[in-house]
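Understanding the architecture of this molecule
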Amino acid sequence: MIRVNDNFQELPAVYLFTQISRILAQYKEKNEGLPLIRMDIGDISGPIPSSAAHAMKEAVEELATKEGFKGYGPEQGYQFLRDLIAVKDYQQRGIEIDPTEIFIGDGAKCDLGNLGDILSKECKVAVMDPTYPAYIDDNVIDGREGKLKDGKYNRITYLKSNFENNFSPDLPTDVVDMIYICSPNNPTGAVMNYTELKKWVDYARKHKSLIIFDSAYEAYVRTPHIPRSIYEIPGAKEVAIEIRSFSKTGGFTGVRCGYTVIPKEIVGYYQDGQPVTLNALWSRRQTTKFNGASYISQKGAAALYSEKGVKEVREMTDRILSNATNLRNLFEKAGWKVTGGIDSPYVWAKNPYGWSSRETFDKLLSECGVSTTPGAGFGEEGEGYIRLTGFNSKENTDAAIKRMEKVV
Ligand code: PLP
């Protein structure tokens, strides 16, 4: 008998998102209303920067030669990319991170899920509500969730994140072992400042907890003094893993490349009390279960650090930010409560009329032909909100704004 992982039965069925996909497919099929403009997309609308495209083309040609062929690469990533990241993303910004603390992977989502391999099932987990759904699902698959009651798992601590607390939740009253923090945040677009992040680092140091800091959107931060890395906070190297991705900075959602930073100061413990560094454990995990990100994608990622690459990333993120800011302005002018759209490609908006997330979605689709994401799909605290993104083209975003002006 093939016995399967029972935890899959515990996964939340996100009926809302399934329903929404069906409704959008039907809308397009019927072709009766206005042509659909997608303001819900969580993907880059491309194209990838020419610096990266060129470097990847060269890498392919190199692999096709006798001298340039490369087989399996290092599981932790090629030295050229680990060195570049250590210098450009950290050391030049005054943060001491060594290349041996950087692990190249095939994107943030995979590393976020795989990290569970090196952490005990006993760990108590805290997530923000609303949240990027993978943080919960990964822990459900691993068995850290407990029982589901009224849409929430009893072993997971949900930290309410809303306008009342400026999207910076209070510390939990119970002790948690793993805390997911995403800043700039998906879905809310909110960013945590230095003081807010320090509160979490201090908590983690006090309780020997681990922070999993997802900074997939750090390249969108423009406001001075907003931390782009958790390691800007003193002591964070003892308690925080940082996960980054080239997906939303270099348009690499399809190319696949990201990295995870695990400082050597973070120590975990076996049940028998033996200490071990998470850096060593992760390296061990990767050598068994991973054969490295492709040479081609790593060459492409490295090109994003060249003078031309930096300029192209800046242009792309500027364009997306400008779309997001225009969306934010539309809702703000109409008297909605809005966060995001500044330092973030996401806009999180709540109407003043008492419409539910789903009602808002339906109204904008039927009256404007614009698709959004109902906030309720990201957690209980998301009810009443919708999420929009700046990832579509400027032309489409401007057209969507024009259509929505009359309705919001
Ligand atoms: N983390 C957050 C907060 C995201 O929004 C996403 C993608 O949308 C990811 C991680 C996954 O990124 P990647 O493409 O690197 O797997």
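Residues numbered from 1 in each chain as written. Predicted model: local features only at pLDDT ≥ 70, side-chain atom pairs only at ≥ 80, totals over all residues. Heavy atoms only, no water.

In the vicinity of the ligand there are 13 residues, among which Ala108, Asp214, Tyr217, Ser245 and Ser247 approach most closely. Ser245 is positioned with one of its side-chain polar atoms (N or O) 2.6 Å from an oxygen atom of the ligand. Between the ligand and Lys248, the relevant distance is 2.9 Å, taken from an oxygen atom to a side-chain nitrogen or oxygen of the residue. For the shell around the ligand, the residue count by class is five nonpolar, four polar and four charged. (Near = heavy atom within 4 Å. Polar contact = N/O pair within 3.5 Å; in protein donor to acceptor, adjacent residues only side chain to side chain. Nonpolar A, V, L, I, M, F, W, Y, C, P; charged D, E, K, R; others polar.)

Moving on to the packing of aromatic side chains. Applying the stated criterion across every chain, the model contains 22 aromatic pairs. Look at Phe17 and Phe378: their rings are 5.3 Å apart centre to centre, the planes differ by 65°, and that puts the pair in the edge-to-face class. One end of the pair, Phe17, is in helix H1 (residues 15-30); the other, Phe378, is in the loop between strand E16 (373-374) and strand E17 (385-389), with 361 residues separating them in the sequence. Between Trp336 and Tyr353, the ring centres sit 6.4 Å apart and the planes meet at 85°, which makes this aromatic pair edge-to-face. With Trp336 in the loop between helix H9 (307-333) and strand E13 (337-340) and Tyr353 in the loop between strand E14 (346-350) and helix H10 (357-368), the pair connects residues that are 17 residues apart, well separated along the chain. Since its relative accessible area comes to 4%, Trp336 is described here as buried. (Phe/Tyr/Trp six-rings, centres within 6.5 Å; stacked < 30°, edge-to-face > 60°. Helix = DSSP H or I, 4+ residues; strand = E, 2+ residues; numbered from the N terminus. Buried < 20%, exposed > 50% of the residue type's maximum accessible area, 1.4 Å probe, protein only.)

Once that is clear, we can look at empty space enclosed by the protein. Taken as a whole and assessed by the stated rule, the structure comprises three cavities of 30 Å³ or more. Taken as a whole, the largest cavity spans an internal volume of roughly 90 Å³. In this structure, the largest cavity is lined by 14 residues; those nearest its centre are Ser161, Phe167, Cys182, Asn185 and Met192. Class assignment for the residues of the lining of the largest cavity results in seven nonpolar, six polar and one charged. (1 Å grid on protein atoms, 1.4 Å probe; cavity = no way out; pocket = protein on both sides within 12 Å on 5 of 7 lines; lining within 4 Å. Points joined across faces, edges and corners; volume = space filled by probe spheres on them.)

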